[in-house]
Amino acid sequence: MLSYLYRVCALIILFGLAGPSASGQQATSQPAHAHDHPHAEVRPSRSLQFPDFPDGRALLVVDLHTHSVFSDGHVWPTVRVWESSRDQLDAMAVTEHLEYQPHRDDIPHPDRNRSFELAELAAANAGESAPLVIPGVEITRQLPPGHVNAVFVQDANPILTIERRADDNLANARLALEEAQRQGAFTFWNHPAWGHDAPAGIMQVPAEQQALVSEGLIQGIEVANGGEFSEEALQFALDNDLAILGTSDIHGLIDYDYDIIAGEHRTASLVIASERSLQGIRDGLEARQTVALFKNQFIGREDVMQTVLGAVLSLEVADYQRNSTVLRVNVRNDGPLPVVLQNVGPRNFANAASVVTIPAHGSLRISITDTPDPAAVYIQARVLNAYTAPRENPVIVLRP
Ligand SMILES: [Zn+2]
Ligand SMILES: [Zn+2]
């Protein structure tokens, strides 16, 4: 099914290139990479960069969950930074398991800030292409609280409140969360439907966990972690006003876990930020201005989703079909993921069935029937690869 979608997408892009150009709408297109490799039609580049807003706010792509050899990952922290540079992430967090150190015989790791320091150094050496690096930890406990990432920590070491995993209990896990909160960290519940805690694949929320959320000791939740998605987590985020997040939780290599050439991308999150900075991201998380990016889908709350899709999509009037009131428009997508629209407006499309795909960093010509006044044209569409609640797609309106 997916490979079929990609082929459709590739065809659309090919026809788009062969057809009349989308004049004046190419501001952020990246044709330079279009023929760099044989499957380039699928996505113009592996970059996950999104356009900023005209009012100066930034739309930042972040991965808030990564591992290296300093916990149970398989690479040096430098490699995490290189991968993030290649994906053109705006920021990545370093979040080693605090309490789980399977490599400690080889890498003793007495200072739990060391992985972040190495990643920060690698970013400094990588120059302008480097992501911002966010200091974090993965508090790794039995449920409750389960695995909880704390990002924007000041010092990882005091968040480690036990010496042996056998000493794990809710009381000392709570001390870890309280220390993270004292440091001004942002905390979120990781992979809540993980098989270890949810054998049926359905997230369970013990009363003690609900209490930690209600007290503000847990502020966000991963609705998507790597290749896994949880509808219950999305509903829980909506019910409890938590930040909706997607992360890679990468342990191996991004390019082994995701078929980038075929158009896949790492699971990540968008943050609407007042500025392109660590503080901007921290504030955006606090304000719940997030959308998870998962398998070419957008997952977030309605108002944030509308803002993001509004920044990504635009409509421009082209011309009329000969001797008709069939108006041709270009719908442009300035984002790195294709957007799938289903027409739900009062007019039909004359050159497509009701479902169309607007390619990443590209545009699609759509002919709209019975539109004598070009100033009144609009497209009303359900976005089939966006979710604002379990199994619920947003409806957008695009105007010139
Ligand atoms: Zn975990
Ligand atoms: Zn993890």
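Definitions and cut-offs
Residues numbered from 1 in each chain as written. Chains lettered and ligands numbered in written order. Predicted model: local features only at pLDDT ≥ 70, side-chain atom pairs only at ≥ 80, totals over all residues. Heavy atoms only, no water. Donors = N, O, S within 2.8 Å, 3.2 Å for Na, K, Ca; no water. Tetrahedral: all angles 85-135°; square planar, octahedral: opposite > 155°, others 65-115°. Helix = DSSP H or I, 4+ residues; strand = E, 2+ residues; numbered from the N terminus. Buried < 20%, exposed > 50% of the residue type's maximum accessible area, 1.4 Å probe, protein only. Axes fitted to C-alpha atoms, helices over the stretch in contact; angles between N-to-C directions. Parallel < 35°, antiparallel > 145°, perpendicular 65-115°, else oblique. Left-handed = near helix turned anticlockwise from the far one by under 90°. Contact = heavy atoms within 4.5 Å. Nonpolar A, V, L, I, M, F, W, Y, C, P; charged D, E, K, R; others polar. Phe/Tyr/Trp six-rings, centres within 6.5 Å; stacked < 30°, edge-to-face > 60°. Lys NZ or Arg CZ within 6 Å of the ring centre and 35° of its normal. Polar contact = N/O pair within 3.5 Å; in protein donor to acceptor, adjacent residues only side chain to side chain. Arc of directions from axis to C-beta. Salt bridge = Lys/Arg side-chain N within 4 Å of Asp/Glu carboxyl O. Pairing = 2+ DSSP bridges.

Identification of the protein as Ig-like domain-containing protein from Maricaulis maris is taken from an unreviewed UniProt entry.

1. Looking at the coordination of the zinc ion (ligand 2)
The coordination sphere of the zinc ion (ligand 2), as far as protein atoms go, consists of His65 (NE2), His67 (NE2), Glu138 (OE) and Asp249 (OD), spread over 2.0 to 2.4 Å. Coordination at the zinc ion (ligand 2) is irregular: its 4 donor atoms span angles of 78 to 164 degrees at the metal. Read from N- to C-terminus, the donor residues coordinating the zinc ion (ligand 2) fall into the pattern H-x1-H-x70-E-x110-D. Taken as a pair, the zinc ion (ligand 2) and the zinc ion (ligand 1) lie 3.5 Å from each other and share glutamate 138 as a ligand. Separated by 182 residues along the polypeptide, histidine 67 in the loop between strand 1 (58-63) and helix 2 (77-86) and aspartate 249 in the loop between strand 8 (243-247) and helix 7 (254-257) bring together distant segments of the chain. The pair histidine 67 / aspartate 249 is uniform in exposure class, with both members buried.

2. Things to note about the packing of helix 2 against helix 3 (residues 114-126)
For any two helices packed against each other, one specifies the inter-axial angle together with the distance between the axes. Two numbers describe how helix 2 lies on helix 3: the axes approach to 8 Å, and their chain directions differ by 45 degrees. By the angle between their directions, the pair helix 2 and helix 3 is classed as oblique. Crossing angle aside, the handedness with which helix 2 passes helix 3 is right-handed. On the side of helix 2, the interface is formed by Pro77, Thr78 and Val81, while helix 3 contributes Ser115, Leu118, Ala119, Ala122 and Ala123. Residue composition of the contact of helix 2 with helix 3, by class: 6 nonpolar, 2 polar and no charged.

3. Quick notes on the packing of aromatic side chains
Applying the stated criterion across every chain yields a total of 4 aromatic pairs. The ring centre of phenylalanine 53 lies 4.5 Å from the NZ or CZ of arginine 57, which sits over that ring. Across the ring face of tyrosine 378, the terminal group of arginine 399 is positioned such that the distance to the ring centre comes to 5.0 Å.

4. Looking at the environment of glutamine 209
As for its placement among the helices and strands, glutamine 209 is situated in helix 5 (residues 207-214). For the pair formed by glutamine 209 and proline 144, sequence separation is 65 residues and the distance between their alpha carbons is 5.4 Å. Leaving out residues up to four positions away in the same chain, glutamine 209 has contacts with Leu143, Pro144, Pro145, Trp189 and Ile218. From its side chain, glutamine 209 meets the backbone oxygen of proline 145 in a polar contact 3.1 Å long.

5. Here's the deal with unusual backbone geometry
Each neighbour pair has its own omega, and for leucine 143 with proline 144 the value is -10 degrees, a cis peptide bond. Within the secondary structure, proline 144 is located in the loop between strand 3 (132-140) and strand 4 (147-151). Cis geometry marks the peptide bond from proline 144 to proline 145, where omega comes out at 0 degrees. Along the chain, proline 145 turns up in the loop between strand 3 and strand 4. Residue glutamine 88 is not a glycine yet carries a positive backbone phi of 50 degrees. On the basis of relative accessibility, which here comes to 38%, the residue glutamine 88 falls in the partly exposed class.

6. Quick word on helix 9 (residues 302-312)
The α-helix winds at 3.6 residues per turn, so residues separated by three or four positions along the chain end up facing the same way. Looking only at helix 9, the buried set comprises Val304, Met305, Val308, Leu309, Ala311 and Val312. On an axial view of helix 9, the arc spanned by its buried residues comes to 155 degrees, and they lie on one face.

7. Describing the pattern of salt bridges
Using the criterion set out here, one finds 21 salt bridges in the structure. Where aspartate 55 meets arginine 57, a salt bridge forms, and the shortest distance between an N and an O atom there is 3.0 Å. For aspartate 55, a relative accessible area of 54% gives the class exposed. The shortest N-O distance in the salt bridge between glutamate 99 and arginine 141 comes to 3.0 Å. Remark: arginine 141 occurs in the loop between strand 3 and strand 4 and glutamate 99 occurs in the loop between strand 2 (91-97) and helix 3; sequence separation between them is 42 residues.

8. Focus on the pairing of strand 13 (residues 327-333)
Most of strand 13 sits out of view: 6 of its 7 residues are buried. Looking at chain direction, strand 12 (residues 313-320) and strand 13 are connected through 7 bridges and run antiparallel. Looking across to strand 13, one finds that valine 317 is bridged to valine 329. Count of turn residues in the strand 12/strand 13 antiparallel hairpin: 6 residues, of which asparagine 323 carries a positive phi of about 50 degrees.

9. Things to note about helix 6 (residues 231-240)
Within the span of helix 6, buried status applies to Ala233, Leu234, Phe236 and Ala237. All buried residues of helix 6 fall inside an arc of 160 degrees around its axis, so they share one side. Packing partners of the buried residues in helix 6 comprise strand 5 (186-189), helix 5, strand 6 (220-225), strand 7 (228-229), strand 8 and strand 11 (297-300). At the N-terminal boundary of helix 6, the capping side chain belongs to serine 230, with an oxygen 3.4 Å from the backbone nitrogen of glutamate 232. In the segment just after helix 6, aspartate 241 is the residue with positive phi, at about 55 degrees.

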